[in-house]
Amino acid sequence: AQSVTQLGSHVSVSEGALVLLRCNYSSSVPPYLFWYVQYPNQGLQLLLKYTSAATLVKGINGFEAEFKKSETSFHLTKPSAHMSDAAEYFCAVSLTTDSWGKLQFGAGTQVVVTP
Amino acid sequence: DGGITQSPKYLFRKEGQNVTLSCEQNLNHDAMYWYRQDPGQGLRLIYYSQIVNDFQKGDIAEGYSVSREKKESFPLTVTSAQKNPTAFYLCASSTLPRRTGFYGYTFGSGTRLTVV
């Protein structure tokens, strides 16, 4: 079985400051890991994914995440926050041995960007 | 462009009515999913399907029903047995890892259902 924990349901960051969203996972086998973003009244959009290639993954809109097996973490970062980054962010995990590929989602982190 | 389409975007239901939410994809994905989203509760899985004419209950299937008569379509019916149906509903689709590799889910833009 797999699970994912996002630390902090709300994060406030100043425009231009570092964005850091924390995600820790639990998995009995190597995982696939994903970050999604959701703007109000919209569906989820894939930001980036780790599927056992490079441990530092670059995504859209300047975001990146690093897979750290020893820490079972997949934290999302962006060097400089923009007002348009205000949204909800979801981390998700799937087992590489799962023939379904079913995703387990974290509870989400709401990001507020202040001027 | 390939994608996944949910309709309608907004839906209002009277007490005791059944309503059906549409989900169509042209991505040739095998698997399809329905999620319910309530404020502060993340995503909760209602039903999922891997193949035509087959589907499985998720974590909160009570009061909902689905069908998968075509690969492209996975409609969700919210029945009168669902006591608190007001929520944002998301449909998603994906490839199956054993067939073509796994790249995560593609989501529709959602349907907001309100009981009036």
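Here the structure is shown first, and the text comes after it.
Since the model is a prediction, treat every value here as computed from it, not as a measurement.

S.K.: What is the right way to look at the pattern of salt bridges in this model?
M.R.: Side chains carrying opposite charge are able to pair once their charged atoms draw close together. Within the structure shown, the criterion is met by five salt bridges over all chains. Measuring nitrogen to oxygen at the nearest pair gives 2.9 Å for the salt bridge that ties A:K78 to A:D85. Relative accessible area serves as the criterion here: at 10%, A:K78 is assigned to the buried category. Owing to a relative accessible area of 2%, A:D85 belongs among the buried residues under this scheme. Notably, a salt bridge pairs B:D38 with B:R36, separated by 2.8 Å at the nearest N-O pair. It is possible to trace a salt-bridge network through shared partners that takes in B:R36, B:D38 and B:R44.

S.K.: Looking at this structure, I do not really get unusual backbone geometry. What am I missing?
M.R.: Trans peptide bonds make up most of the peptide bonds, and negative phi angles are found at most residues other than glycine. Residues and elements named next belong to chain B. With an omega of -5 degrees, the peptide bond running from S7 to P8 counts as cis. Relative to the elements of secondary structure, P8 occurs in the loop between β1 (4-7) and β2 (10-13). For N53, which is not glycine, the phi torsion reads 65 degrees and is therefore positive. By the element assignment, N53 lies in the loop between β5 (43-51) and β6 (54-57).

S.K.: What's the story with the state of the cysteines in this structure? I'm lost.
M.R.: Such a bond, covalent and formed between the sulfur atoms of two cysteines, is termed a disulfide. Counted according to the given criterion, the structure contains two disulfides over all chains. Sulfur-sulfur distance for the disulfide between A:C23 and A:C91 comes to 2.0 Å. Where A:C23 bonds to A:C91 through sulfur, the torsion about that S-S bond is close to -65 degrees, and the disulfide is left-handed. On the criterion of sequence distance, the pair formed by A:C23 in strand β3 (residues 19-27) and A:C91 in strand β9 (residues 87-95) is long-range, its members being 68 residues apart. Side by side, A:C23 and A:C91 carry an identical accessibility label, which is buried. The disulfide partner of B:C23 is B:C91, and the S-S distance across this bridge is 1.9 Å. Here the S-S torsion is close to -75 degrees, and the disulfide linking B:C23 with B:C91 is therefore left-handed. Here B:C23, found in strand β3 (residues 19-25), pairs with B:C91, found in strand β9 (residues 87-94); they are 68 residues apart in sequence, far enough to count as distant. The residues B:C23 and B:C91 share a single accessibility class, namely buried.

Criteria and thresholds
Residues numbered from 1 in each chain as written. Chains lettered and ligands numbered in written order. Predicted model: local features only at pLDDT ≥ 70, side-chain atom pairs only at ≥ 80, totals over all residues. Heavy atoms only, no water. Salt bridge = Lys/Arg side-chain N within 4 Å of Asp/Glu carboxyl O. Buried < 20%, exposed > 50% of the residue type's maximum accessible area, 1.4 Å probe, protein only. Helix = DSSP H or I, 4+ residues; strand = E, 2+ residues; numbered from the N terminus. Disulfide = S-S within 2.5 Å.

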